[in-house]
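Summary of structural features
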Amino acid sequence: MIEKEFICIVCPNSCPIMVQYEDGNSPKLISAEGSCCTRGNAWVQQEIENPMRTFSSSVLVDNGDFIEASVRLTKPVPLTKIFDVMEVIKKLRLQAPLSIGDVILSNPAGTMTDVIVTRNVSLKAE
């Protein structure tokens, strides 16, 4: 059994949550104490048993007024899948014009999320 302190990131209270959990192939939360709300307990359980993350990146753009477009995931993916998702994103090359919110990739690495554009990129002026 492992004991560890987590600082909750769900709300501005930043509660210190002391947890006990079983480590191994399938970590299992045993106890959590210190959270001011139930959201903190749910967050720390997810962090122990199935940590999720979201991230932003950039993709090269052809014929655009910028050489790259910033992109992000629409929902968190398992921490273990981040490098798989990034490998797929790194292979992309987009064509201008692009608009904020354009879906450029769906379900990368089987993660049930979309990758969307977060910057408008117009056609390059000739």
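Remember, it's a predicted structure, so these values are computed and weren't measured experimentally. (Residues numbered from 1 in each chain as written. Predicted model: local features only at pLDDT ≥ 70, side-chain atom pairs only at ≥ 80, totals over all residues. Heavy atoms only, no water.)

1. Looking at the overall build of the protein
What the protein contains, in helices and strands, is two helices and ten strands. What you see in the protein, going N to C, is helices and strands ordered as β-β-β-α-β-β-β-β-α-β-β-β. Computed over its C-alpha atoms, the radius of gyration of the protein comes to 19 Å, more than 25% above the 14 Å expected for a compact globule of 126 residues. Along the first, second and third principal axes, the C-alpha set of the protein runs to 65 × 30 × 20 Å. Per-residue burial over the protein gives 30% buried out of 126 residues. Pairs at least 24 residues apart make up 46% of the contacts formed inside the protein by residues separated by at least 6 positions. Entry remark: accessible area of the protein is about 8,000 Å², with carbon and sulfur atoms responsible for 51%. Separation between the mean location of the 12 positive side-chain charges and that of the 15 negative ones in the protein comes to 4 Å. (Helix = DSSP H or I, 4+ residues; strand = E, 2+ residues; numbered from the N terminus. Rg over C-alpha atoms; globule rule 2.2 N^0.38 Å. Buried < 20%, exposed > 50% of the residue type's maximum accessible area, 1.4 Å probe, protein only. Contact = heavy atoms within 4.5 Å. Areas by Shrake-Rupley, 256 points an atom, 1.4 Å probe, with all protein chains shown as cover. Lys, Arg positive; Asp, Glu negative; His and termini not counted. Charge placed at Lys NZ, Arg CZ, Asp CG, Glu CD.)

2. What to know about helix 2 (residues 82–90)
One full turn of an α-helix is made of 3.6 residues, so residues set three or four places apart face in the same direction. Of all the positions in helix 2, only I82, V85 and I89 are classed as buried. Projected down its long axis, helix 2 carries its buried residues within an arc of 65°, all on one side. Of the exposed residues in helix 2, the ones pointing more than 90 degrees away from its buried face are F83 and K90. Those residues of helix 2 that are buried lie in contact with strand 4 (52–53), strand 5 (56–62), strand 6 (68–73), strand 7 (77–78), strand 9 (103–106) and strand 10 (114–117). (Arc of directions from axis to C-beta.)

3. Digging into the packing of aromatic side chains
Per the stated rule, a full pass over the model turns up one aromatic pair. Between F6 and W43, the aromatic rings sit 6.2 Å apart at their centres with planes inclined by 80°, giving edge-to-face as the arrangement. Taken together, the residues span a long stretch of sequence, with F6 in strand 1 (residues 2–7) and W43 in helix 1 (residues 38–49) at a distance of 37 residues. Over the face of the ring belonging to F66 we find R119, whose NZ or CZ atom lies 3.3 Å from the ring centre. (Phe/Tyr/Trp six-rings, centres within 6.5 Å; stacked < 30°, edge-to-face > 60°. Lys NZ or Arg CZ within 6 Å of the ring centre and 35° of its normal.)

4. Focus: the side chain of T111
Secondary-structure assignment places T111 in the loop between strand 9 and strand 10. Judged by its relative accessible area of 9%, T111 falls in the buried class. A distance of 2.6 Å separates a polar atom in the side chain of T111 from the backbone oxygen of P108. Those residues in contact with T111 that lie beyond four places of it in its chain are V77, K81 and V85. (Polar contact = N/O pair within 3.5 Å; in protein donor to acceptor, adjacent residues only side chain to side chain.)

5. Regarding the environment of D62
On the secondary structure map, D62 appears in strand 5. Measuring from C-alpha to C-alpha, the distance between D62 and S26 comes to 44 Å, with 36 residues separating the pair along the chain. Ignoring sequence-local partners within four residues, the contact set of D62 consists of R93, L94, Q95 and A96. At 2.7 Å, the side chain of D62 forms a polar contact with the side chain of R93.

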